[in-house]
There are 2 protein chains.
Amino acid sequence: MRFVHDNLPQRVCFGSGEAAASLQREIENLKASRVMVIAAEAEKDLAEGITKNLPIAIWHEDVVMHVPVEVAEHGRQAAAAAQADVLVSVGGGSTTGLAKAIAMTTGLPIVAVPTTYAGSEATTVWGLTRGARKTTGIDPTVLPKVIVYDATLTLTLPVPMSVASGLNALAHCVDSMWAPNADPINAAFAAEGIRSLADGLPRVVAEPFDLEGREHALYAAYLSAVAFASAGSALHHKICHVLGGAYNLPHAQTHAVVLPYVLAFNGAATPEAERRIAAAFGTSRAIDGLQDLRRELDAPRALLDYGFAEESIPEAADAILPAVPPSNPRPVTTGDLRRLLRAAWSGADPREGV
Amino acid sequence: MRFVHDNLPQRVCFGSGEAAASLQREIENLKASRVMVIAAEAEKDLAEGITKNLPIAIWHEDVVMHVPVEVAEHGRQAAAAAQADVLVSVGGGSTTGLAKAIAMTTGLPIVAVPTTYAGSEATTVWGLTRGARKTTGIDPTVLPKVIVYDATLTLTLPVPMSVASGLNALAHCVDSMWAPNADPINAAFAAEGIRSLADGLPRVVAEPFDLEGREHALYAAYLSAVAFASAGSALHHKICHVLGGAYNLPHAQTHAVVLPYVLAFNGAATPEAERRIAAAFGTSRAIDGLQDLRRELDAPRALLDYGFAEESIPEAADAILPAVPPSNPRPVTTGDLRRLLRAAWSGADPREGV
């Protein structure tokens, strides 16, 4: 057992229907008196409903995906002009991302109210886009001081998006078991996340307004972000990154399809991760738990359904190989990647070997 | 699901035989150049071995159990006189406690190197004793910035003390499942702690110099402290506190004896905790896992073996009752406490009902 693990300072307030009360209390705790509320137009009503009791200095709606630098600059100027002393973000990853971009240069504390399972609120990772180029980095300043989770705010997240986003969180959990900075603390968070997703997602599908199912999915999204941000990106995410970038495959679906093949490939080489994942699913083999869940969720099955061409497999394998972390629990060859991609392309049963 | 959870900012460095290297790196990271090493005489050799490469300004050996205020004051003056800019504590709970007392007034950062399973290094709790009166409190300033865990430093911890201390950590984990601030994050830490203790302690008993066993016990001590400090004290600890204070029963043995009865009493009323504890032990019932472990460790069995008199049961029950947290998963009556204490007094099988 050998690791260095940084526990990040953050308060997590979790309670359905309590966002307004939690926000009021936390803003008082921070002794803030000039709140900048950041919420895209689509979330405006939601945000108004939960910020009624706050001393709001300014509303800011200019939220754009991937946080273009101009949008970040606009937000920073607005914060300065309004003499804001705290940022309250209400929304998904782009909204949290804008709050982080403003915090990065102003040092303002963030209170994040997530409305999706993106998980950005639990990490020190920021991202900015200049033209077509996205830069990401790590800065403790951008970590929200407080997260307010209220599952009632996620009830309107459409089921397909919930499932896709939930499976993405699941991939974070599974991949963090063998990531470059994998450690037992991350693994404990990840296992708790898997358990909570396996419980919550089927309930969200069966009954989109099931609050407990939503709570479990939201809680799991938090855990997956903590585990993944600490453990780092591993084989699964490297594969999906190449597939998404070079072949324009849809992000969430690619993750959902590829995950069982990576689990089948790595699981046998890392008994401790295999044991932990299986225990979290409550099955004797990890892959059985994952496949049971995927079946229940009617999850995406094959890359060929999303336009990935069989002929691209060799090229994709070559592109992935240099990105494979040296810490992967078993060595990875181009041949391995071709087999894995072919199985994922056709949707073959991962239990039959990859 | 409803909770507020504070994640504390702390770096955890875990590695057997790596304390010297970790200390050097972390002191450099903190840009410190005048180290005050706090180590009792008994740990002096250990401390010298791992601090060779540090810029030491002063050695401080005046460590006394429960941190008398005079001892704290002496330490603070020594730190000021030496112009120390960081405190490195090497030792058990009393040593960490002294470092905290110094940090409380000076604001100096602490790098803690624990040599026991006390767990104080992972909490914001401080304690000071004036005469016979101990005061404790919470202060974020006293939380060590860095913990350096090196299981080789615990190899000389005698087996009986390791078992007693390990069972105390186990009690922290179990009790935090239903404590006043119990939440799923604490429960995940606690479950990981139980798993790690159930794995590590029998190995320490079978082979005191088994490094892996020691690592698991030390790691679990960390987890139990994090979970317990966050969740707060619950039924088990309230009972043991009264028994220890009013009847002078030995701390660790009392914990070891009482735990199964509290688990049997509370477990049935809290299926989620029962499920989590059982899963951590890898048994179908939580109490079976605990009793199997206790048998393997030849753990203390009955309060009568430690001088607790049967006649004291009614009085003890009355003294415990007002301390029972209202959040306990089932209501507790004097009659319940009498039955529980009688069973613990005689060492009856807790599975036969308490």
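What comes next is a walk through the structure.

Here is what the cut-offs are and how they apply
Residues numbered from 1 in each chain as written. Chains lettered and ligands numbered in written order. Predicted model: local features only at pLDDT ≥ 70, side-chain atom pairs only at ≥ 80, totals over all residues. Heavy atoms only, no water. Pairing = 2+ DSSP bridges. Helix = DSSP H or I, 4+ residues; strand = E, 2+ residues; numbered from the N terminus. Axes fitted to C-alpha atoms, helices over the stretch in contact; angles between N-to-C directions. Contact = heavy atoms within 4.5 Å. Parallel < 35°, antiparallel > 145°, perpendicular 65-115°, else oblique. Nonpolar A, V, L, I, M, F, W, Y, C, P; charged D, E, K, R; others polar. 1 Å grid on protein atoms, 1.4 Å probe; cavity = no way out; pocket = protein on both sides within 12 Å on 5 of 7 lines; lining within 4 Å. Points joined across faces, edges and corners; volume = space filled by probe spheres on them. Buried < 20%, exposed > 50% of the residue type's maximum accessible area, 1.4 Å probe, protein only. Right-handed = clockwise from strand over helix to strand, strands pointing away.

**Observations concerning the sheet that holds strand β6 (residues 110–114) of chain A**
Pairing in this open sheet of seven strands is mixed, and the strands run β4(A)-β3(A)-β5(A)-β6(A)-β9(A)-β2(A)-β1(B) from one edge to the other. With one partner strand each, in any of the chains shown, β4 (56–60) of chain A together with β1 (2–7) of chain B form the two edges of the open sheet. Direction aside, neighbouring strands of the sheet carry axes that sit 15 degrees apart on average. In this fold helix α3 (residues 69–81) of chain A packs onto β3 (35–38) and β4 of chain A, with an angle of close to 165 degrees to the strand it touches most, β4(A). Sheet strands in contact with helix α4 (residues 93–106) of chain A are β3, β4, β5 (86–91) and β6 of chain A, and its direction is about 165 degrees off that of β5(A).

**Side note on the packing of helix α5 (residues 159–176) of chain A against helix α8 (residues 235–247) of chain A**
Residue and element names in this part refer to chain A. Two elements in contact, α5 and α8, have axes whose closest approach is 8 Å; the angle formed by their N-to-C orientations is 130 degrees. Considering the angle they form, α5 stands oblique to α8. In this structure, α5 uses Ala 171, His 172 and Asp 175 to contact α8, whose residues at the interface are Leu 235, His 236 and His 237. For the contact of α5 with α8, the per-class residue count stands at two nonpolar, three polar and one charged.

**So, empty space enclosed by the protein**
Within the structure shown, the criterion is met by one cavity of 30 Å³ or more. At the level of secondary structure, the elements contributing two or more residues to the lining of the largest cavity comprise α6 (184–206) of chain A together with α6 (184–206) of chain B. In terms of residue class, the lining of the largest cavity is made up of seven nonpolar, no polar and no charged.

**Observations concerning the pairing of β5(A)**
All names here are of chain A. Burial analysis of β5 places six of its six residues in the buried class, which makes it a mostly covered element. Covered by surrounding structure in β5 are Val 86, Val 88 and Val 90 together with Leu 87, Ser 89 and Gly 91, the residues of both alternating faces. Sheet topology places β3 next to β5; four bridges connect them, and they run parallel. The residue bridging Val 37 from the neighbouring strand is Val 88, located in β5. Taken together, the five bridges between β5 and β6 define a ladder with parallel strand orientation. The residue bridging Val 88 from the neighbouring strand is Val 111, located in β6. A crossover links β5 with its parallel partner β6, the connecting element being α4, and its sense is right-handed.

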